[in-house]
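Coordinate analysis (summary)
Here is what each chain is made of, one letter per residue.
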Amino acid sequence: MTLPDEPPLQGTTVVTVAVNLPGPVAAARLAGLGAQVTTVLPPGGDPLEHYQPDWYADLHRGQELVTLDLKREEDRDRLDTLLADADVLITSSRPSALRRLGLDFGTLHARHPRLCQVDVVGSPGRRAELPGHDLTYQAAVGLVRPPDVPATLVADLVGAERAVGEALAALLERGRTEQGSRREVALEDAAAAMAEPAVRGLTAQGGLLGGGLPGYAVYPAAVGHVALAALEPHFLRRTVEALGVEATHHAFAEVFGGRTAEEWETWATEHDVPLVAVREAGT
């Protein structure tokens, strides 16, 4: 079987007016699948560029960047010209803001009936006007452990992946109906989906994957910590046989305290055991 040389979204045009994180991540993923992406920026730019310019540059590599003030009629006309040839529009503003700019689906669909629109919002449906960000969405579903701030932006990143999926679903639907559609991605829903393992008790503190199983836990080493994920019986059996200990929290803690985390990681590679040294992000 010969695989096609062209990427799957070759010939697909995406316009995004979404700033911050979910929109740019989604647009970058679509670009990676072969889509031609035009990012429309407000006069003040994207806050992400000020927070993390390197990541911003990575996410927009290979895209066309256009700065428009959508409060001005002539700039809205320029955007409308872009949308006339576009297959997908990604937004991340509140519904009321989209209506003021004439970017709500009803208005755009009347002018561009084949345009597929993905609206990234905070809360779903009628609650889409409520303010919020990744931190509030994670906090509301139990993913925040005070006083610490989460180590990553779960709702934003999962929301971006959902936006990609909804864009592909809309394009697939258009192939059958010849009509564009509106798809909504709520970051609040994305956070709730990521909280399911904890809600179900699986990763809650003391749960089976929350430290309850000796073979699936984090242990202090002589220097640093190790993460052991010997979840399957054959991995657990291999681990205890190689270490010569019983499969208990106490036994694992005692033996792992005898070497550094880096030394244990080397040992794990040699013995085909799922264990790594716990590292800081970016190291």
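Residues numbered from 1 in each chain as written. Predicted model: local features only at pLDDT ≥ 70, side-chain atom pairs only at ≥ 80, totals over all residues. Heavy atoms only, no water.

**As for the overall build of the chain**
This is how the line gets drawn: What counts as a helix is a DSSP run of H or I of at least four residues, what counts as a strand is a run of E of at least two, and both are numbered from the N terminus. Here the globule rule reads 2.2 Å times residues to the power 0.38, and the radius of gyration is calculated from C-alpha atoms. Think of it in three bands: with a 1.4 Å probe and only protein chains considered, a residue is buried below 20% of the maximum accessible area for its type, exposed above 50%, and partly exposed in between. The contact criterion used is simple: two residues touch if any of their non-hydrogen atoms lie within 4.5 Å. Residue-level accessible areas treat just the shown protein chains as cover; the underlying method is Shrake-Rupley with a 1.4 Å probe. Charge convention: Lys and Arg are scored as positive, Asp and Glu as negative, and His as well as the terminal groups of each chain are ignored. Where a charge lies is defined by one atom per residue type: Lys uses NZ, Arg uses CZ, Asp uses CG and Glu uses CD.
Looking only at helices and strands, one finds 13 helices and nine strands in the chain. For 283 residues, the compact-globule estimate of 2.2 N^0.38 gives 19 Å, and the C-alpha radius of gyration of the chain, at 24 Å, exceeds that figure by more than 25%. Counting only C-alpha atoms, the chain reaches 75 × 50 × 35 Å along its principal axes. Out of the 283 residues belonging to the chain, those deemed buried represent 38%. Long-range pairs, those at least 24 residues apart, make up 65% of the contacts in the chain between residues at least 6 apart in sequence. Counting only carbon and sulfur atoms, one obtains 54% of the accessible surface of the chain, whose full area is about 15,600 Å². Measuring between centres, the 24 positive side-chain charges of the chain sit 7 Å from its 39 negative side-chain charges.

**Thoughts on unusual backbone geometry**
Cis geometry marks the peptide bond from Pro 146 to Pro 147, where omega comes out at 0°. Turning to its location among the elements, Pro 147 is positioned in the loop between α7 (134-140) and α8 (154-177). Phi is positive for Asn 20, which is not a glycine, with a value near 70°. The topology assignment puts Asn 20 in the loop between β1 (13-16) and α1 (22-32). By relative accessible area, which is 27% here, Asn 20 ends up partly exposed.

**Section: the packing of aromatic side chains**
Note the following rule: The aromatic pairing rule takes the rings of Phe, Tyr and Trp, using the six-membered ring of Trp, and pairs them if the centres are within 6.5 Å, calling planes under 30 degrees apart stacked, those over 60 edge-to-face and the rest tilted.
All told, the structure shown has five aromatic pairs when counted by the stated rule. Seen from their ring centres, Trp 264 and Trp 267 are 5.3 Å apart, and the 85° between their planes marks the pair as edge-to-face. Taken together, the positions of Trp 264 and Trp 267, both in helix α13 (residues 261-271) and three residues apart, correspond to about one turn of that helix. This pair shows no difference in class: Trp 264 is buried, exactly as Trp 267 is. Ring pairing ties together the aromatic residues Tyr 219, Phe 252, Phe 256, Trp 264 and Trp 267, which thus form one cluster.

**Some points on the sheet that holds strand β8 (residues 225-229)**
Cut-off, in case you're wondering: The rule for pairing is simple: two strands pair if DSSP sees at least two bridges between them. A fitted line through C-alpha atoms represents every axis, and for helices the fit uses only the stretch in contact; the resulting angles, taken between N-to-C directions, go from 0 to 180 degrees.
An order of β7-β8-β9 is seen for the three strands of this open sheet, with the pairing classed as antiparallel. Sheet topology places β7 (216-220) and β9 (275-277) at the edges, where each strand pairs with a single neighbour. Pairs of neighbouring strands in the sheet enclose a mean axial angle of 20°, with direction left out of account. Set on the sheet, helix α12 (residues 249-256) makes contact with β7, β8 and β9; between it and β7 the angle comes to about 40°. Sitting on the sheet, α13 touches β8 and β9, and the angle it makes with β9 is about 150°.

**What about the pattern of salt bridges?**
Inclusion rule: Salt bridges are defined as contacts in which a side-chain nitrogen from Lys or Arg sits within 4 Å of a carboxyl oxygen from Asp or Glu.
Taken as a whole, this structure holds 14 salt bridges when the rule is applied. Salt-bridge contacts for Arg 238 lead to Asp 272; the nearest nitrogen and oxygen are separated by 2.6 Å. Taken as a pair, Arg 238 in helix α11 (residues 233-243) and Asp 272 in the loop between α13 and β9 lie far apart in primary sequence, 34 residues in all. In this structure Arg 238 comes out as partly exposed when scored by relative accessible area, which is 29%. Residues Arg 279 and Glu 262 are paired through a salt bridge, measuring 3.3 Å at the closest nitrogen-oxygen approach. Here the residue Arg 279 occupies a position in the segment after β9, and Glu 262 occupies one in helix α13, the gap between them amounting to 17 residues. For Arg 279, a relative accessible area of 40% translates into the label partly exposed. Taking the relative accessible area as the measure of exposure, Glu 262 reaches 44% and is therefore partly exposed. Each of the salt bridges in this network shares a partner with another, and the network as a whole consists of Asp 119, Arg 182 and Glu 184.

**Things to note about the sheet that holds β1**
Spatially, six strands are ordered β3-β2-β1-β4-β5-β6 in an open sheet, and the strand pairing comes out parallel. Across the chains shown, the open sheet's two edge strands, defined by having one partner strand only, are β3 (64-67) and β6 (182-186). Direction aside, neighbouring strands of the sheet carry axes that sit 20° apart on average. Lying on the sheet, helix α9 (residues 187-199) is in contact with β5 (116-121) and β6; it crosses β6 at an angle near 55°.

**Brief notes about a positive patch on the surface**
Spelled out, the test is: Two distance rules govern patches: like charges are joined within 9 Å, and nonpolar side chains (Val, Leu, Ile, Met, Phe, Trp, Tyr) within 5 Å, applied only to residues with over 30% relative accessible area and no salt bridge.
Together, Lys 71, Arg 94, Arg 99 and Arg 100 make up a positively charged patch on the protein surface. For Arg 100, the position within the fold is in helix α5 (residues 95-100).

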